[in-house]
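For reference, the chains in residue letters:
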Amino acid sequence: MTYVDSAMGREVVLRHRFCMKILWADDHELFRICREELFTAVVGDIMDQLKLRRQFLPPQIQPLRSDMVVVGRAMPVLEADVFEEKYPGSANPLLSKPFGLMLEALDDLKPDEVYICAGASPTYALWGELMSTRAAKLGAAGVVVDGYSRDTAGILAMNFPTFSYGRYAQDQAPRGKVIDFRVPLEIGGVTVHNGDIVFGDIDGVCIVPHAAEQEVITRALEKARGEKLVKKAIEAGLSARESFEKFGIM
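The written sequence of each chain sets the order in which its residues are numbered from 1. Predicted model: local features are reported for residues with pLDDT of at least 70 only, side-chain atom pairs are reported and counted for 80 or more only, and whole-chain, interface and lining totals are derived from all residues. To get the side-chain values, take all heavy atoms of the structure and skip hydrogens and water.

How would you summarise helix α3 (residues 40-49) if you had to cite specific residues and measurements?
Residue pairs spaced three or four apart in an α-helix point in one direction, given the helix's 3.6 residues per turn. The rule is simple: take the accessible area with a 1.4 Å probe, protein chains only, and divide by the maximum for that residue type; under 20% is buried, over 50% is exposed, in between is partly exposed. The helix count covers DSSP runs of H or I at least four residues long, the strand count covers runs of E at least two residues long, and both are numbered beginning at the N terminus. Counting buried residues in α3 gives seven out of 10 residues, a clear majority hidden from the surface. All of the buried residues along α3 are T40, V42, V43, G44, D45, I46 and M47. Residue K51 follows α3 closely and has a positive phi angle near 65 degrees.

Below, the structure is given as structure tokens:
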């Protein structure tokens, strides 16, 4: 769907920027509202209007099951390819640690955070069932990886929100190591900072920059609620043109 502001609509938006009311008390309430009322398409439309036009991760990153939704604060994790599980005598001590800093990154997850990992080649799985078990125990909101996940049956049984390229069993242990976390990432041209909002559903994953989240979410709620009115008007017999002229939404 496309949303076009009329001249009057743009004036309303400008006024909103100066008197916008926060509709949630804390992150827990914010993320509940997102799950109950929003979807990635409407959030992306609002970011387009705000000139934030490169906020969707590559389309091959999809939910492991179509009804999965993830929304929370980004905890970025940087992975790198290696060619041996251990490098004795290396100048970099991380190369002698199994998985590098992966275990430390996993244990550092906070409630409502999303483990979001990138930097590796898509030749092995970056996430699995035991990682999901630990993340769920810590209250994490889900995981997004720029690569594959494995242990699919176990993750699905847990219903842990997992977004990846799909299912692939090859292990990361001898092929990749986490080299840092809570550092900025770039995935498909999208920059992800620690604390940005990660929002994913059946249509993909978008990143809402922390500095813009209040305006983006508030306006997305207005648009989503407006779309319900448009749908009712069309169902009642109003034409597409008439609906657009009346509501400015289509």
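So what about helix α2 (residues 27-37)? Which residues, and what values?
By the burial criterion, the buried members of α2 are L30, F31, I33 and C34. One side of α2 carries all its buried residues, which in axial view fall inside an arc of 155 degrees. Across from the buried face of α2, at angles greater than 90 degrees, the exposed residues are H28 and E36. One side-chain oxygen at the N-terminal end of α2 lies 3.3 Å from the backbone nitrogen of H28; it belongs to D26. Think of the arc as the fan of directions from the helix axis to the C-beta atoms. Definition of a polar contact: a pair of N or O atoms within 3.5 Å, with one able to donate and the other able to accept a hydrogen when the atoms are protein atoms, and with sequence-neighbouring residues admitted only if both atoms are side-chain atoms.

How would you summarise the packing of aromatic side chains if you had to cite specific residues and measurements?
Working definition: a ring pair exists when centres of Phe, Tyr or Trp rings (six-membered ring for Trp) sit within 6.5 Å. Plane angles under 30 degrees give stacked, over 60 give edge-to-face, the rest tilted. A full pass over the atoms with the stated rule returns four aromatic pairs. Ring geometry for W127 and F160: centres 6.2 Å apart, planes at 15 degrees, overall stacked. Note that W127 is positioned in strand β4 (residues 125-127) and F160 in the loop between α6 (152-158) and β7 (162-164), a separation of 33 residues in sequence. By relative accessible area, which is 2% here, W127 ends up buried. F160 gets classed as buried once you look at its relative accessible area, which sits at 4%.

Got a sec to walk through the environment of F163? Specific residues and values, please.
When you line up the elements, F163 lands in strand β7. Setting aside anything within four residues of it in sequence, one finds F163 in contact with I61, Q62, P63, M68, V69, V70, V143, V144, V145, G200, D201 and V205. Note on definitions: a residue-residue contact is assigned when non-hydrogen atoms from the two residues lie within 4.5 Å.

I'd like a description of the environment of S164, backed by residues and values.
Here S164 shows up in strand β7. Taking the C-alpha atoms as reference points, S164 and G147, separated by 17 residues in sequence, lie 5.7 Å from one another. Among the polar contacts made by the side chain of S164, one reaches the side chain of S149 at a distance of 3.0 Å.

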